[in-house]
Amino acid sequence: MSTQSTSARRGIPRIESIKVENYRALKKIELKDLTPLTVLLGPNGSGKSTIFDVLSFLSECFQFNLRQAWDRRGRAKELKTRGQTGPIVFELKYREQPGMPVITYHLAIDEGTKGPEVVEEWLQWRRGQKGKPFRFLEFSRGKGRAVSGETPDEDNQREEVNLRSPDLIAVNTLGQLSDHPRIAALREFITDWYVSYLSIDQTRHQPEAGPQERLSKSGENLANVIQYLKEQHPERLEQIFKVLRQRIPRLEQVEASPMPDGRLLLQIKDAPFEQPVLSRYASDGTMKMLAYLAVLYDPEPPRFIGIEEPENFLHPRLLPELAEECRNAAANSQLFITSHSPFLLNSMRPEEVRVLYRDEQGFTKAVRVSDIRGIKEFVQEGASLGYLWMEGHFGMGDPLVNFGAPRTKIGK
């Protein structure tokens, strides 16, 4: 598969680590040395969906605003880790592209008298191997300073800024100004994230006609995306159909046709029959696979893609193929996937997988599979991760044993 795009040629941002504090069951957790493709594995209630929601929360803060993302989740009462009084903290370490310095973005949020407040926000990088860390953006409750320029450092002028409200995120506000290219790059990166909460029923929706470039989080505009690809990128749409025909027996074509009332009708045609069927009569697996391919084959793909439990509604034999599509897409986007499937896991590498579990206090912990003793040796001898997991070699992540907590020591 070839999914090369302009974003691949110019280099894309990569998150190298994520740290979260006081967010629901994530009292304190850090995922280091992240790969372009990362899979979160673990039993129900281990925290996979919570980490996924962290990504969604940050995405919503930048695409909409902090107050909307905060209120939608029940505010501090529901968001804060039980028993904790400090703010919710997010910290990303990322590179804008290979060879660029690592930038750290720190965002701390707490409940104020009138709603959520950004109690601390800063951007920091280190220029050169021996340079000292330098914060070129630093804000608290709507007041702070930022350094402008392509390569901000201590010699540049600091600009004192007062935001209109303490619930405004400085990166989101200043990132709209051309004077702050590094800040703007982070804003553009997070705003571009695609975190999927795909609903099969929504993919069968009959929206108003009109091409749309990107699939929505729930997938209700799938027909609009097919229309857009047909009009603007027919070669990419044919790639999607080619893959879909290989995955779905006897499938021939997918059509998005305008109706007289202005709605868009999505129809699926099987090879033995002359007339296509409406999408609402197509199988769940067909609709889900079509939706995923529309995301993974996007001509201008999101720089970050999150997919929760892609194995649902799909035949197990299709999961290694989908994993390969995800791996190829990771050349242009960074992917986060949550899963319970050993069949999907079989296609992954030890350094790409994190096992989540709850400790004795009920808080989520994470272990990289490559750090579990003996796993690398098993894989080198030809074992697949999915089978090692199901046979208990990970020593954790088994919902029937000690709530999924470790039974063996971590280490080489």
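Please read all numbers here as calculations on a predicted model, not as lab measurements.

**Describing the overall build of the chain**
Here comes step 1: Looking only at helices and strands, the chain features 14 helices and 17 strands.
Here comes step 2: Over its C-alpha atoms the chain spans a radius of gyration of 23 Å, differing by no more than 12% from the 22 Å that the globule rule assigns to 412 residues.
Here comes step 3: Counting only C-alpha atoms and orienting by the principal axes, one finds that the chain spans roughly 70 × 55 × 40 Å.
Here comes step 4: Looking at the chain as a whole, 53% of its 412 residues are labelled buried.
Here comes step 5: Summed over all atoms, the accessible surface of the chain reaches about 19100 Å², with 47% contributed by carbon and sulfur.
Here comes step 6: Charge-centre separation for the chain: the mean point of 57 positive side chains lies 4 Å from the mean point of 56 negative side chains.

**What to know about the layout of surface pockets**
Where empty space is left becomes clear once a probe the size of a water molecule has been rolled over the atoms.
Here comes step 1: The volume enclosed by the second largest pocket comes to roughly 180 Å³.
Here comes step 2: When residues in the lining of the second largest pocket are grouped by element, the largest group, three residues, is from helix H6 (residues 181-191).
Here comes step 3: Along the lines of polarity and charge, the residues of the lining of the second largest pocket split into three nonpolar, two polar and five charged.

**Examining the packing of aromatic side chains**
Here comes step 1: In total, this model carries 10 aromatic pairs according to the counting rule given.
Here comes step 2: For the pair Phe62 and Tyr105, a centre-to-centre distance of 6.4 Å together with 75 degrees between the ring planes defines the contact as edge-to-face. One end of the pair, Phe62, is in helix H2 (residues 48-63); the other, Tyr105, is in strand S5 (residues 103-112), with 43 residues separating them in the sequence.
Here comes step 3: Residue class for Phe62 comes out buried when judged on its relative accessible area of 2%.
Here comes step 4: Its relative accessible area of 2% is what places Tyr105 among the buried residues.
Here comes step 5: Note on Phe189 and Trp193: the rings are 5.7 Å apart at their centroids and 80 degrees apart in plane angle, and the pair reads as edge-to-face.
Here comes step 6: For Trp193, a relative accessible area of 2% corresponds to the buried category.
Here comes step 7: Three or more aromatic residues link up through ring pairs in this structure, and these residues are Tyr94, Phe189, Trp193, Phe304 and Phe336.

**Observations regarding the domain arrangement of the chain**
Here comes step 1: What the domain assignment reports for the chain is domain 1 (36-49 + 303-411) and domain 2 (197-300).
Here comes step 2: Placing a centre on the C-alpha atoms of domain 1 and another on those of domain 2 gives a separation of 30 Å.
Here comes step 3: Across the boundary between the two partners, domain 1 contributes 15 residues, which contact 13 residues of domain 2.
Here comes step 4: Summed over both partners, the interface of domain 1 with domain 2 comes to about 1200 Å²; 69% of that surface belongs to carbon and sulfur atoms.
Here comes step 5: On the domain 1 side of the contact with domain 2, Phe313, Leu318 and Glu325 bury the most area, a combined 43% of that side's loss.
Here comes step 6: Counting every contact that joins domain 1 to domain 2 gives two salt bridges.
Here comes step 7: Between Arg247 and Glu325 there is a salt bridge; the shortest N-O distance is 2.6 Å.
Here comes step 8: Sorting elements by how many residues they give to the side of domain 1 that touches domain 2 places helix H11 (residues 319-329) first, with five residues.

**Concerning the sheet that holds strand S11 (residues 251-258)**
Here comes step 1: Strand order in the open sheet formed by three strands is S11-S12-S13, with antiparallel pairing between adjacent strands. The open sheet has two edge strands with one neighbour each: S11 and strand S13 (277-278).

**As for the environment of Leu123**
Here comes step 1: Relative to the helices and strands, Leu123 is located in strand S6 (residues 115-126).
Here comes step 2: When the C-alpha positions of Leu123 and Pro350 are compared, they lie 31 Å apart, and in sequence the two are 227 residues distant.
Here comes step 3: Each residue touching Leu123, except ones within four places of it in the same chain, is listed here: Tyr94, Ile103, Thr104, Tyr105, Phe134, Arg135, Phe136, Leu137, Val171, Ile183 and Leu186.

**What about the confidence of the model for the chain?**
Here comes step 1: The predicted model of the chain has a mean per-residue pLDDT of 91, with 94% of residues at 70 or higher.
Here comes step 2: Across residues 1-9, confidence stays below pLDDT 50; counting only partners more than four residues off in sequence or on other chains, it has 25 contacts.

**Some details on the sheet that holds strand S9 (residues 158-162)**
Strands belonging to one sheet form pairs held by backbone hydrogen bonds; the direction of such a pair is parallel or antiparallel.
Here comes step 1: As summarised here, the arrangement of the eight strands in space is S2-S1-S4-S5-S6-S7-S8-S9, forming an open sheet in which the pairing is antiparallel. Each edge of the open sheet is held by one strand with a lone partner, namely strand S2 (26-31) and S9. The sheet shows a mean angle of 15 degrees between the axes of neighbouring strands, direction not considered.
Here comes step 2: Note: strand S4 (residues 88-95) against S5, seven bridges, orientation antiparallel. Bridged to Ile88 within S5 is Ile109.
Here comes step 3: Its contacts with the sheet place H2 against strand S1 (14-23), S2, S4 and S5, and it is angled at close to 100 degrees to S1.

Conventions used here
Residues numbered from 1 in each chain as written. Predicted model: local features only at pLDDT ≥ 70, side-chain atom pairs only at ≥ 80, totals over all residues. Heavy atoms only, no water. Helix = DSSP H or I, 4+ residues; strand = E, 2+ residues; numbered from the N terminus. Rg over C-alpha atoms; globule rule 2.2 N^0.38 Å. Buried < 20%, exposed > 50% of the residue type's maximum accessible area, 1.4 Å probe, protein only. Areas by Shrake-Rupley, 256 points an atom, 1.4 Å probe, with all protein chains shown as cover. Lys, Arg positive; Asp, Glu negative; His and termini not counted. Charge placed at Lys NZ, Arg CZ, Asp CG, Glu CD. 1 Å grid on protein atoms, 1.4 Å probe; cavity = no way out; pocket = protein on both sides within 12 Å on 5 of 7 lines; lining within 4 Å. Points joined across faces, edges and corners; volume = space filled by probe spheres on them. Nonpolar A, V, L, I, M, F, W, Y, C, P; charged D, E, K, R; others polar. Phe/Tyr/Trp six-rings, centres within 6.5 Å; stacked < 30°, edge-to-face > 60°. Domains from an automatic or database assignment. Contact = heavy atoms within 4.5 Å. Buried area = accessible area lost by both parts, 1.4 Å probe. Salt bridge = Lys/Arg side-chain N within 4 Å of Asp/Glu carboxyl O. Pairing = 2+ DSSP bridges. pLDDT = per-residue confidence, 0-100. Axes fitted to C-alpha atoms, helices over the stretch in contact; angles between N-to-C directions.

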